Amino acid sequence: MMRTKAAVLYEAGQVAVIEEIVLDTPHRGEMLVRMEAAGVCHSDLHVRDGHLPEPLPMVLGHEGTGVVVEVGPGVTDLQPGDRVVLTLVPACGHCYFCRRGEPHLCATSGVMAAGGVLGDGTSRMRIGTQTLHHFNSVSCFSEYIVVPQEGAAKIPDDVPLEIAALLGCAVVTGVGAVERTAGVRPAESVAVIGCGGVGLNIIQAASLSGAYPIIAIDVRTDKIELAKTFGASHGINSRDQDAYAAIHEIAGYGVDWAFEALGNPRTIEQAWGLIRAGGTVVVVGLSPKGSRVSLPAFDFISEKNIRGCFYGSSRFHADVPQILKRIQAGRMRIDGLVSHSVPLEGLETAFERLRSGDGARTIIHF
Ligand SMILES: [Zn+2]
Ligand SMILES: [Zn+2]
């Protein structure tokens, strides 16, 4: 048992309180990790603002990197001193989905996430007598955390902090959406709605896949310009321009793939209008729970497709080394993804930037 500083969300719509909490020692198959950096993602904001109901109180944060300090019994793959990147889906390897080769849909992880607990159904965090819930088995807006061993992958010591911090969600999700969910092929046309942390990685992976044209759509010109440095060939500011007309001018009948990276029902519907007959909308963004999408059913006669995407359909433990290999070889960039760096106390300002769409990712430095 130890004390650590964490950001605790007691009530949706309220500011997360930075305070000292009690953290239990790792149980069987779990590890104590000292956080080095964490990314602030839209999913955290969704919980903070009440668009994604979670059991509260909760310590948020689901994307980050740290160093293993202590391992519980039964931990075989990692040891103290190992640098790790965390995942929000600690796939069990044994459930129906894991056995099907779809570990991102792991049912065991789903139960843990829904209950805000770790594998044995309990939490390692509390304050006084009050139990604090885990966010997707990570809860990394905390100086120290306890995670399942499946929830962390070892990374080399020389991977820069900014890269390591974003690998676990923004990068894996964006790259996976292109390479695993969609399987974009050379010369296929791609549109990406929303050029934040995930959207930029979609653009980058599409570029690596040989896609052309790659059309970045956002309401901020600075983000569109940044997207071009990640491989976008065209940009559309949908505040000033009719995206439908602009896309059809660039890509003829519409694009092969439209990736929606905002999680907004209106832009999902907009994406539907941007694809060609037989094209596909890939919904990567997480929409507020309870929201609905309406599509013209007649369009199905033109074989248009829409498909969901969770966590880039990634196989985390296989994908992280593959992505790191390309980053280290200079084939993939990540430096422009981090626009701001703050201490844990700066979490609320990071949320405000996400709401306003200002900048790319903010990371918390511990
Ligand atoms: Zn995320
Ligand atoms: Zn599983």
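Residues numbered from 1 in each chain as written. Chains lettered and ligands numbered in written order. Predicted model: local features only at pLDDT ≥ 70, side-chain atom pairs only at ≥ 80, totals over all residues. Heavy atoms only, no water.

Trainee: Before we go on, may I ask you to explain the overall build of the chain in this structure?
Mentor: The helix and strand inventory of the chain stands at 10 helices and 18 strands. Against the compact-globule benchmark of 21 Å for 366 residues, the chain has a radius of gyration of 20 Å, which places it among compact chains. Counting only C-alpha atoms and orienting by the principal axes, one finds that the chain spans roughly 60 × 40 × 35 Å. Per-residue burial over the chain gives 56% buried out of 366 residues. Once local pairs closer than 6 in sequence are excluded, the contacts in the chain between residues at least 24 apart make up 69%. By element, 52% of the accessible surface of the chain is carried by carbon and sulfur atoms, the whole surface being about 14900 Å². (Helix = DSSP H or I, 4+ residues; strand = E, 2+ residues; numbered from the N terminus. Rg over C-alpha atoms; globule rule 2.2 N^0.38 Å. Buried < 20%, exposed > 50% of the residue type's maximum accessible area, 1.4 Å probe, protein only. Contact = heavy atoms within 4.5 Å. Areas by Shrake-Rupley, 256 points an atom, 1.4 Å probe, with all protein chains shown as cover.)

Trainee: For this particular structure, what's the right way to read the packing of helix 4 (residues 161–182) against helix 9 (residues 316–328)?
Mentor: Relative placement of two packed helices is described by the angle separating their axes and the distance separating the axes. Relative to each other, helix 4 and helix 9 sit at 100 degrees, their axes nearing to 10 Å. On the basis of their axis angle, the class for helix 4 and helix 9 is roughly perpendicular. Seen from helix 4, the contacting residues are Ile163, Leu167, Gly168, Val171, Val172, Val175, Glu179 and Arg180; seen from helix 9, they are Phe316, Asp319, Val320, Ile323, Leu324, Arg326 and Ile327. Of the residues in the contact of helix 4 with helix 9, the class split is 10 nonpolar, one polar and four charged. (Axes fitted to C-alpha atoms, helices over the stretch in contact; angles between N-to-C directions. Parallel < 35°, antiparallel > 145°, perpendicular 65-115°, else oblique. Nonpolar A, V, L, I, M, F, W, Y, C, P; charged D, E, K, R; others polar.)

Trainee: Help me out: how do you make sense of the coordination of the zinc ion (ligand 2) in this one?
Mentor: Each donor-metal-donor angle would ideally measure 109.5 degrees in four-coordinate tetrahedral geometry, or 90 or 180 degrees in six-coordinate octahedral geometry. Those protein atoms acting as donors to the zinc ion (ligand 2) are Cys92 (SG), Cys95 (SG), Cys98 (SG) and Cys106 (SG), and they sit at 2.3 to 2.4 Å. Relative to the metal, the four donor atoms surrounding the zinc ion (ligand 2) lie at angles of 103 to 117 degrees, and the coordination shape comes out tetrahedral. When the donors of the zinc ion (ligand 2) are listed by position in the chain, the intervening gaps give C-x2-C-x2-C-x7-C. Cys92 sits in the buried class, given a relative accessible area of 18%. (Donors = N, O, S within 2.8 Å, 3.2 Å for Na, K, Ca; no water. Tetrahedral: all angles 85-135°; square planar, octahedral: opposite > 155°, others 65-115°.)

Trainee: Which parts of the structure should I look at to understand helix 6 (residues 221–229)?
Mentor: Note: α-helices contain 3.6 residues per turn, so residues at a spacing of three or four share the same orientation. Listed in full, the buried residues belonging to helix 6 are Lys223, Ile224 and Ala227. Each buried residue of helix 6 lies within a common arc of 100 degrees when the element is viewed along its axis, so the set occupies one face. Along its buried surface, helix 6 packs onto helix 5 (197–208), strand 12 (214–218) and strand 13 (234–237). Gly231 sits one or two residues past helix 6 and shows a positive phi near 120 degrees. (Arc of directions from axis to C-beta.)

Trainee: Sorry if this is basic, but what is going on with helix 8 (residues 265–274) here?
Mentor: Within the sequence span of helix 8, burial applies to Pro265, Thr267, Ile268, Ala271, Trp272 and Leu274. Down the axis of helix 8, the buried set is contained in an arc of 165 degrees. They therefore lie on one face. Near the N-terminus of helix 8, the side chain that reaches the backbone nitrogen of Arg266, with its oxygen 2.8 Å away, is that of Asn264. (Polar contact = N/O pair within 3.5 Å; in protein donor to acceptor, adjacent residues only side chain to side chain.)

Trainee: How should the sheet that holds strand 7 (residues 125–127) be read in this particular structure?
Mentor: In sheet architecture, strand pairing relies on hydrogen bonds along the backbone and comes in two forms, parallel and antiparallel. Strand order in the closed barrel formed by five strands is 1-2-7-8-4, with mixed pairing between adjacent strands. When strand 7 meets strand 8 (residues 130–134), the two strands line up antiparallel, connected through three bridges. The residue of strand 8 that forms the bridge with Arg126 is Thr131. (Pairing = 2+ DSSP bridges.)

Trainee: Quick question: what am I supposed to make of the layout of surface pockets here?
Mentor: Rolled over the atoms, a probe with the dimensions of a water molecule shows which regions are left empty. There is about 210 Å³ of room inside the second largest pocket. Lining the second largest pocket are 13 residues, and of these Thr108, Met112, Gly119, Pro148 and Glu150 lie nearest its centre. Across the lining of the second largest pocket, the residue classes break down as six nonpolar, four polar and three charged. (1 Å grid on protein atoms, 1.4 Å probe; cavity = no way out; pocket = protein on both sides within 12 Å on 5 of 7 lines; lining within 4 Å. Points joined across faces, edges and corners; volume = space filled by probe spheres on them.)

Trainee: What am I meant to see in the pairing of strand 8 here?
Mentor: A regular strand carries its side chains on alternate faces of the sheet. Looking at chain direction, strand 4 (residues 58–59) and strand 8 are connected through two bridges and run parallel. What sits directly across from Met58, in strand 8, is His133. With antiparallel pairing between neighbouring strands as the criterion, strand 7 and strand 8 make up a hairpin whose turn holds two residues, including Gly128 at a positive phi of roughly 60 degrees.

Trainee: Explanation requested: the packing of helix 1 (residues 42–49) against helix 10 (residues 347–356) in the structure shown.
Mentor: Between helix 1 and helix 10, the least distance of the axes is 10 Å, while the angle of their chain directions is 100 degrees. Here helix 1 lies roughly perpendicular to helix 10, going by the angle between them. The segment helix 1 lies against helix 10, with His42, Asp44, Leu45, Arg48 and Asp49 engaging Glu348, Phe351, Leu354 and Arg355. Within the contact of helix 1 with helix 10, the residues separate by chemical class into three nonpolar, one polar and five charged.

Trainee: Sorry if this is basic, but what is going on with the nonpolar core here?
Mentor: Side chains of nonpolar character tend, in soluble globular proteins, to be buried together. Counting residues in each nonpolar core, the largest one holds 92 residues, and the members touching the most others are Leu86, Phe141, Ile202, Ile203 and Phe259. Sort the elements by how many residues they give to this core and helix 4 lands first, with 14 residues. A domain split of this core shows at least three residues from each of domain 1 (2–154 + 334–365) and domain 2 (174–309). Apart from residues lying up to four places away in sequence, Ile203 is in contact with Val192, Cys195, Ile214, Ala216, Ala227, Phe230, Gly231 and Ala232. (Core = buried A, V, L, I, M, F, W, Y, C linked by side-chain atoms within 4.5 Å. Domains from an automatic or database assignment.)

Trainee: How should the environment of Leu45 be read in this particular structure?
Mentor: Looking at where Leu45 falls in the secondary structure, it is placed in helix 1. For the pair Leu45 and Ile236, spaced 191 residues apart in sequence, the C-alpha to C-alpha distance is 26 Å. Contact partners of Leu45, with chain neighbours within four places excluded, come to Phe351, Leu354 and Arg355.

Trainee: Any chance you could explain the coordination of the zinc ion (ligand 1) here in plain terms?
Mentor: All of the protein donors around the zinc ion (ligand 1) are Cys41 (SG), His62 (NE2) and Cys169 (SG); their distances to the metal are 2.0 to 2.2 Å. Counting residues between consecutive donors of the zinc ion (ligand 1) along the chain gives the motif C-x20-H-x106-C. Placement of the pair is Cys41 in the loop between strand 3 (30–40) and helix 1 and His62 in the loop between strand 4 and strand 5 (64–71), with a sequence separation of 21 residues. Just as Cys41 is buried, His62 falls in that class too.

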